[in-house]
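Chain by chain, the residues:
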Amino acid sequence: QNYLDNFWPDLKAAHELFDSIVQARRERESESQENHGKEYPEHLPVEILEAGIKSGRYLQGTLNVNKHRAQLEAFVRLQGLGSKDTG
């Protein structure tokens, strides 16, 4: 802010961009506080997921993503099943 004020006081677009970045950062910080420090909000409460896993409604597994082709290649390895049982 000081740099813009001192060296570019007439550059309106830069000041607007700076204000936008500050606002986005504040919103992200407030969302993080609302989510108790978690980067992403949970889709379902933990209790519902645990009950769903116990009842068999949900399956628990590990998501594996190809780091070189993340948009195209990924698979889920289900817990308790052999390595060939992936989907």
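Residues numbered from 1 in each chain as written. Predicted model: local features only at pLDDT ≥ 70, side-chain atom pairs only at ≥ 80, totals over all residues. Heavy atoms only, no water.

Per an unreviewed UniProt entry, the chain goes by the name DI3L1 exonuclease and belongs to Promerops cafer.

The next point concerns the pattern of salt bridges. In the structure shown here, the tally under the stated rule is three salt bridges. A salt bridge links Glu 16 to Lys 12; the nearest nitrogen and oxygen atoms lie 3.8 Å apart. Taken together, the residues span about one helical turn, with Glu 16 and Lys 12 both in helix α2 (residues 12-34) at a distance of four residues. We classify Glu 16 as partly exposed; its relative accessible area is 46%. For Lys 12, a relative accessible area of 58% translates into the label exposed. For Arg 25, the salt bridge is made with Glu 29, and the minimal N-O distance between the two is 3.4 Å. Here the residue Arg 25 and the residue Glu 29 both occupy positions in helix α2, the gap between them amounting to four residues, near one helical turn. The exposed category is assigned to Arg 25, whose relative accessible area is 59%. (Salt bridge = Lys/Arg side-chain N within 4 Å of Asp/Glu carboxyl O. Helix = DSSP H or I, 4+ residues; strand = E, 2+ residues; numbered from the N terminus. Buried < 20%, exposed > 50% of the residue type's maximum accessible area, 1.4 Å probe, protein only.)

Within the secondary structure, His 15 is located in helix α2. When residues no more than four places from it in sequence are discounted, the contact partners of His 15 are Gln 1, Leu 4, Asp 5, Trp 8 and Pro 9. (Contact = heavy atoms within 4.5 Å.)

The next thing to look at is the packing of aromatic side chains. Enumeration over the complete set of coordinates arrives at one aromatic pair. Judged by centre distance (5.2 Å) and plane angle (40 degrees), the ring pair of Tyr 3 and Phe 7 falls under tilted. Taken together, the residues span about one helical turn, with Tyr 3 and Phe 7 both in helix α1 (residues 2-7) at a distance of four residues. The class of Phe 7 is exposed, set by a relative accessible area of 57%. (Phe/Tyr/Trp six-rings, centres within 6.5 Å; stacked < 30°, edge-to-face > 60°.)

Moving on: a nonpolar patch on the surface. Taken together, the side chains of Tyr 3, Phe 7, Trp 8 and Leu 11 make up a nonpolar region of the molecular surface, amounting to roughly 470 Å² of accessible area. In this structure Tyr 3 comes out as exposed when scored by relative accessible area, which is 52%. (Patch = residues over 30% accessible without salt bridge, like charges linked within 9 Å, V, L, I, M, F, W, Y side chains within 5 Å. Areas by Shrake-Rupley, 256 points an atom, 1.4 Å probe, with all protein chains shown as cover.)

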